[in-house]
Amino acid sequence: MAPTTRWNEARRYLGAAVAVLPALVLGGPARAAETGHLFAAMQVEQLEYRLKNGANVLAWDAHAWVGTDDHKAWLETEGEKPNGERLEQGEFRLLFGRRISDYFDGRVGIRYDVAPSPDRGFAVFSLHGLAPYWFEVDASAFVSHEGEVSARFSADYELLITQRMILQPSMEVDLAAQSVRERGLGSGLNDLELGLRLRYEFVRNFAPYVGIHWERKFGGTADLAREEGEDAEDLAFVVGVRLLL
Amino acid sequence: MTGQGFTCCRRRALQLAGAAAIAGTFSIHPGRRSFATAAGEYGLEITAGRITVDGVGSKAIMMGGSVPAPTLRWREGEEVVIHATNRLDVPTSIHWHGLLLEGVMDGAPGFNGFVAIRPGETWTYRFKLRQSGTYWYHSHSAMQEQQGMYGAIVIEPTGREPVKADRDYVVVLSDHTREDPRRVLANLKIDAGYYNYQKRTLIDFFRDAGREGFWNALTDRLHWAEMRMDPTDLADVTGYTFLVNGRGPKDNWTALFEPGQRVRLRFINASAMSFFDVRIPGLAMTVVSADGQNVQPVRVDEFRFGPGETYDVVVLPREDGAFTIFAEPIDRSGYARATLAPREGMEGPIPERRPRTILSMADMGMDHGETGHGSADRGAGHGMHGGAGMDHAAMGHGAPAADGGPRRPFGWADAATPPGTKALDYADLRAATRNPDDREPTHEIEVRLTGIMERYMWSVNGRPFGKEEPIRVRYGDRVRLKFVNTTMMAHPMHLHGMFVELENGQGDRKPRKHVVVVPPGRTVSAVLTANEPGEWPFHCHLLYHMEAGMMTRFVVEPKLA
């Protein structure tokens, strides 16, 4: 058997292995359900319309979790759909994790991208929590079913202007170990996104916002975008709503 | 709000109650039934119903058909029998808070062999009253206490009543929410600051920068942010209406007196989550009892108490006018109000609201003696109300504001008590009689109060209930409980089944308590004679803290034969 074939086979099992992990981690929540200490939440962090030169974009970022203090399962999704065009980015993650410190959860799971095409499945390893100075951070590593390795780091902060008017700066950076031409990704630093959103919490569960969203592609990723006739840099005004369900 | 749920098996008791009320030996609060009886046998139904607070209706769970439940007036030495019938569709329980009784009658499911009362079932409590004083009863299941399952117990002594009073009223303070308590807990789990609308904002920053200087204000913020702690976290839950005997501030529950009469007010903090600062502007209060146990009279202008605690005070209104009983929660998110008046329908002025304090680094246990008050390890003397002056030196707080405004309170214990007035301090409490057991404790048990606010996890000694490490003592042991609060919230720690004696510097007259408030970042100690065998709940009486895990077992192992 050629090494590449063996690797392909190994990758096939990787998905299965990741799917088994949840069962192990979910033992905790299952026990907690009996004593009534199972909690759940659903939050639409961003549901917004990005207004910019060219096509406007509908974008979302939402997650739900169920679990206990110590063990949780998360379903997360984010994506972008330009007006009148096909889905540009569509990402789903199913993660299972446990509390590894007072403020951080360690998580593993799977990610599946329905866009950009072709579809990709990934194994995910993530560290998620609250860093000193109240920064909410997530550091994730991804291994795709084609064996591609990438990483993402995100952070955001909430600045209370008043009790209900909150300014939220955020950043996200994507990195890749290799280039994946067909998906428009170069190696190294792929892109950087910066956001600044000002929301008003009429109630905790409902907060409309306005803001700006800036993103820039770098290196090979930027080159590939230019070949496709896209800009490497994008600035958008956003209007959206944040929901806690 | 009276209902049909409360029936007395002995008609004579009702007649006695009526006769006693007419005779004026004590009063029954309006709209409620209470009983003065020799031996008593009662039926108490637990039902779901509706109450109206300040004109707004909401769901409630009731015992005996009302919120609060009927005041149970008993006499020391008698045996009482209570048939509690669960008319809910979920299990329930009734716990007799502060009463000395056999473990299985204590009414805490999962302890001492007591099992929750299932829907449709009746459980018969039977116990002999071994004490006198002010106590209360409430559910110990599924946060039903927050929904209205609480009521007062008044036990008259067999011997001479040392407290002389012409009028005697129960004042049950509580916090009422229209939200389902399970939703409240879920919201706290999702966001521990969900209910806090008094966080520090950018606008506060500029105000403080103006008063204290930019760098001071910034450094202070950075200290708190580095620890991921919030100095405005005084109360976890807001949105409450604060009640006196089930009545909102607009309902204005009223107690009557004739000028010159001595009025005994039995304050019970039956709230789920609220520490109250209580005062009656224009009247000094003489504290005569704490947690049902008589203390040497202390004259105060105000007192602070936590969920589960009780204080009996005597007031002597001489004027023919109305006085306002005013209780503010420490986060100042509202107030409870009632009136003491010679006639129905009168109203006293609503006093000016006190400013809200902000937590200090000392509340985080970060003072390490620098500020000199060093109450930690020195017993409870300065535990509550360390008095004006504590912490004030730090960071330019406490001094009159540069803009000439009133002094801003600083630190958990600072109730903004005006100069020249007296707030009750734990150190003031001196038992009316000598402590019966003068042995030195043979060993010390450290009770660390622990938690992770951000996740809304609470525990004792780092272990949440369910994974608890029981505290074990042998019958007859004399032990010291050293409460070490590692969190930034105060915890009213309640031990079932036994009183502890607070080590507050009162020598052989340590006050006996069933709830000990341990302020944030402080250490408080109490001694205990383990003379009630059983497996007792030992928990924080903040309802959502207990529900989140802040409970353990206190096991008194029986004497070997």
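Bear in mind that the values here come from a model prediction, so they are computed numbers and not experimental data. (Residues numbered from 1 in each chain as written. Chains lettered and ligands numbered in written order. Predicted model: local features only at pLDDT ≥ 70, side-chain atom pairs only at ≥ 80, totals over all residues.)

Colleague: So what exactly am I meant to see when it comes to the overall build of chain A here?
Modeller: A count of helices and strands for chain A gives three helices and 13 strands. Counting across all 245 residues of chain A, residues that qualify as buried make up 24%. Of the contacts made within chain A by residues no fewer than 6 positions apart, 47% connect residues no fewer than 24 positions apart. (Helix = DSSP H or I, 4+ residues; strand = E, 2+ residues; numbered from the N terminus. Buried ≥ 20, exposed ≤ 12 C-beta atoms within 10 Å, placed from the backbone. Contact = placed C-beta atoms within 7 Å.)

Colleague: Just checking my understanding: could you explain the environment of His83(B) for this structure?
Modeller: Residue and element names in this part refer to chain B. Looking at where His-83 falls in the secondary structure, it is placed in strand S6 (residues 79–86). Given 16 C-beta atoms within a 10 Å radius, His-83 is considered partly exposed. Non-local contacts of His-83, meaning those with residues more than four positions away in its chain, are made with Tyr-42, Gly-43, Leu-44, Thr-122 and Thr-124.

Colleague: I would appreciate a short explanation of the packing of helix H3 (residues 202–212) of chain B against helix H4 (residues 214–227) of chain B in the present structure.
Modeller: Helix-helix packing is characterised by the crossing angle of the two axes and by the distance between the axes. Residues and elements named next belong to chain B. It is at 6 Å that the axes of H3 and H4 come closest, and there the two elements cross at 130°. As the angle between them shows, H3 and H4 are arranged oblique. On H4, the residues that touch Phe-205, Asp-208, Ala-209 and Glu-212 of H3 are Phe-214, Asn-216, Ala-217 and Arg-221. Split into classes, the residues belonging to the contact of H3 with H4 amount to four nonpolar, one polar and three charged. (Axes fitted to C-alpha atoms, helices over the stretch in contact; angles between N-to-C directions. Parallel < 35°, antiparallel > 145°, perpendicular 65-115°, else oblique. Nonpolar A, V, L, I, M, F, W, Y, C, P; charged D, E, K, R; others polar.)

Colleague: Please clarify how the sheet that holds strand S21 (residues 336–341) of chain B should be interpreted in this entry.
Modeller: All names here are of chain B. A sheet is described by the order of its strands in space; here five strands give the open sequence S13-S21-S20-S15-S18, paired in mixed fashion. Each end of this open sheet is capped by a strand with a single partner; those strands are strand S13 (253–256) and strand S18 (302–305). Shown here is a sheet whose adjacent strand axes are inclined to one another by a mean of 20°, direction ignored. Direction of pairing for strand S15 (residues 276–279) relative to strand S20 (residues 323–329): antiparallel, over a ladder of four bridges. Of the residues in S20, the one forming a bridge with Phe-276 is Pro-329. (Pairing = 2+ DSSP bridges.)

Colleague: Any chance you could explain unusual backbone geometry here in plain terms?
Modeller: The phi angle of most residues is negative, glycine excepted, and most peptide bonds adopt the trans form. Of note, the bond from Ala115(A) into Pro116(A) is cis; its omega dihedral lies within 30 degrees of zero at 0°. When you line up the elements, Pro116(A) lands in the loop between strand S5 (104–115) and strand S6 (120–131). The omega angle of the peptide bond from Ser117(A) to Pro118(A) is -5°, so this bond is cis rather than trans. Here Pro118(A) shows up in the loop between S5 and S6. Backbone geometry at Asp54(B) places phi at a positive 50°, although glycine is not the residue there. Mapped onto the fold, Asp54(B) is located in the loop between strand S3 (40–53) and strand S4 (56–63). Looking at Asp54(B), the number of C-beta atoms within 10 Å reads 13, which means it is partly exposed.

None of the figures reported here should be taken as evidence of function without further support.
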